[in-house]
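Coordinate inspection notes
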Amino acid sequence: MSSVSLAATPSASMLLVGQVRRDLKIAMRSPGDLANPLMFYALAVALFPLGVGPSPERLAELAPGVLWVLALLATLLGLETLFRRDFEEGTLEQLALHAQPLFVGVLAKIGAHWLVTGLPLVLFAPIAALMLNLPMQALDTLMITLLLGTPILSVLGAVGAALTVSLRRSSLLLALIVLPLYVPVLILGAGAVAAVVDGVDSTAQVAWLAALCALALTLAPFGAAAGLRVGLD
Amino acid sequence: MASLKEWWHRLGSPRTFYAIAQRAGPWFTGLGVAAIVVALTWGLAFAPPDYQQGNSFRIMYLHVPTAILAQSVYMMLGAAGLVLLVWRMKLADMVIVAAAPFGMSMTALALVTGAIWGKPTWGAWWVWDARTTSMLVQLFLYFGLIALRQAIPREETAGRACAILAVVGTVNIPIIKYSVDWWLTLHQPSTFTLTAAPSMPPEMYLPLLVSVLGFYALFAGLVFARTSNVILDRERSTAWVRALVREQTS
């Protein structure tokens, strides 16, 4: 066996890129699952005019909050499966045994998850804004806040997904754990958009969101990694 | 330094903690109940009425302590969670199990008493102001923690998962508080601050102070009692628990 040379340990960036690629490839193979959160978002947006009436003024008034609340719920939909498949087939165990720290792999998985759920929401935002008659001057703020906010939703959600990874039916529990943690993002995101609609400067909220995004991206992967280790025990 | 470390490890042993809890618990409970009875009688019957709110302010003697406890119990859960994760001290998990329901009921009580006070003062049972809202979020944080605990069948796994969630929640609480404060504020500023003299006359704030201390003592007493029960349940196969049970049942 001495002739078998140990493969060189991949660097953290190699692991990061490789993991993202793998997860994206898997996601592309089931386009149905890929589209589900987005379809949910579009459908739920369409329900609001049916519920509150088609009056453009009223819709415009509700739009910032509705668009943000639905972004929270749409993110929640895909979370349960974030680690589930890898947990069941054993890939997650390999990731935990990897020479690189577990949070690197976790961060890669979260990144891939965001690329297939968070980013489409950001890109779909103009159409959703149009459906709810959001004033056009607030559109760029909506997209910027979603761009800064959805990564926070993904990493915080990953902590919840990690803690419930070993449970069979966890979607309700996951919502209960994660949604209270989403409150600041909702307040800042919807607040920024509403401020622009009212003609007030929204720099403060956007700056806070950016700060929270940096904080969450640095700290939450450790929490998710610790949660996964508990689940793997 | 060495003795401090030794003390820490001895405290972490369920058996030592049980002995301490058995001795100290009843004192704390008794002291807490006595202080709360004194404070409520004093506050409800003898303190002067408020010049603006009349008698309705008196619910403060129940509302403020429960609200303070609701927050500090969660902070304690976070601290216990950190202890469990860093030192793997299983006692910390037992304390979390014992204290979380108490914190949840304090949060619920703070919300209910706040609503009862809000009706005559603000004219509505529920107003979405900053502090009622962060208290509501706090209640959901307790719900999530307790639900996670109950969902995971294995005791040890459940304990560590809850510890992580408690730490994450504790880190988030200030962020939630500030964001909600930003969102809207109608509420009275905090009743007690450590840096400024209270804006109330002493005959109004002294009963409140006694009440807050009484609630803390009651909390300590109940945590000692409940943790003792958890210890007996989890350590039931150990020699010392068996000996104890034999001694008490014979």
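As a reminder, the structure under discussion sits directly above these lines.
Residues numbered from 1 in each chain as written. Chains lettered and ligands numbered in written order. Predicted model: local features only at pLDDT ≥ 70, side-chain atom pairs only at ≥ 80, totals over all residues. Heavy atoms only, no water.

**Notes on the overall build of chain B**
Helix and strand content of chain B: eight helices and zero strands. Starting at the N terminus and walking to the C terminus, you meet the elements of chain B as α-α-α-α-α-α-α-α. Dimensions of chain B along its principal axes, counting C-alpha atoms only, are 60 × 40 × 40 Å. The long-range fraction of contacts in chain B, counting pairs at least 24 apart against all pairs at least 6 apart in sequence, stands at 76%. (Helix = DSSP H or I, 4+ residues; strand = E, 2+ residues; numbered from the N terminus. Contact = heavy atoms within 4.5 Å.)

**Focus: the interface of chain B and chain A**
Often the size quoted for an interface is simply the accessible area lost on bringing the parts together. Facing the 25 residues of chain B at the interface are 24 residues of chain A. Both sides of the chain B and chain A interface together cover about 2,100 Å² of buried area, and 83% of this is carbon and sulfur. Applying the counting rule to chain B against chain A returns zero salt bridges. At the level of secondary structure, the elements contributing two or more residues to the side of chain B that touches chain A comprise α5 (130–151) and α6 (155–183) of chain B. Here the element with the most residues in the side of chain B that touches chain A is α6 of chain B; it accounts for 14 residues. Residue classes in the side of chain B that touches chain A are distributed as 18 nonpolar, five polar and two charged. (Buried area = accessible area lost by both parts, 1.4 Å probe. Salt bridge = Lys/Arg side-chain N within 4 Å of Asp/Glu carboxyl O. Nonpolar A, V, L, I, M, F, W, Y, C, P; charged D, E, K, R; others polar.)

**What to know about the packing of helix α8 (residues 171–197) of chain A against helix α9 (residues 203–232) of chain A**
Residue and element names in this part refer to chain A. For the pair α8 and α9, the least separation of the axes is 9 Å and the interaxial angle reads 150°. With respect to each other, α8 and α9 are oriented roughly antiparallel. Remark: the crossing between α8 and α9 carries left-handed chirality. Note on element contacts: α9 touches α8 through Q205, V206, W208, L209 and L212, opposite P184, V185, L188, G189, G191, A192 and A195. (Axes fitted to C-alpha atoms, helices over the stretch in contact; angles between N-to-C directions. Parallel < 35°, antiparallel > 145°, perpendicular 65-115°, else oblique. Left-handed = near helix turned anticlockwise from the far one by under 90°.)

**A closer look at the environment of H63 of chain B**
Residue and element names in this part refer to chain B. Checked against the element boundaries, H63 lands in helix α3 (residues 60–87). Residues in contact with H63, not counting those within four places in the same chain, are A110, T113 and G114. A polar contact is formed between the side chain of H63 and the backbone nitrogen of G114, at a distance of 3.4 Å. (Polar contact = N/O pair within 3.5 Å; in protein donor to acceptor, adjacent residues only side chain to side chain.)

**Digging into the packing of aromatic side chains**
Throughout the structure, instances matching the rule amount to 11 aromatic pairs over all chains. Judged by centre distance (6.1 Å) and plane angle (75°), the ring pair of Y41 of chain A and F124 of chain A falls under edge-to-face. Of this pair, Y41 of chain A sits in helix α2 (residues 31–52) while F124 of chain A sits in helix α6 (residues 102–131), and the two are 83 residues apart along the sequence. Across the pair, exposure class does not vary: Y41 of chain A and F124 of chain A are buried alike. Relative to W128 of chain B, the ring of W126 of chain B has its centre 5.4 Å away and its plane inclined at 85°; by these criteria the two rings are edge-to-face. Assessed through its relative accessible area of 31%, W126 of chain B is described here as partly exposed. Judged by relative accessible area, W128 of chain B falls into the partly exposed class, the value being 46%. Connected via pairs of aromatic rings, a cluster forms that spans F17, F28 and F224 of chain B. (Phe/Tyr/Trp six-rings, centres within 6.5 Å; stacked < 30°, edge-to-face > 60°. Buried < 20%, exposed > 50% of the residue type's maximum accessible area, 1.4 Å probe, protein only.)

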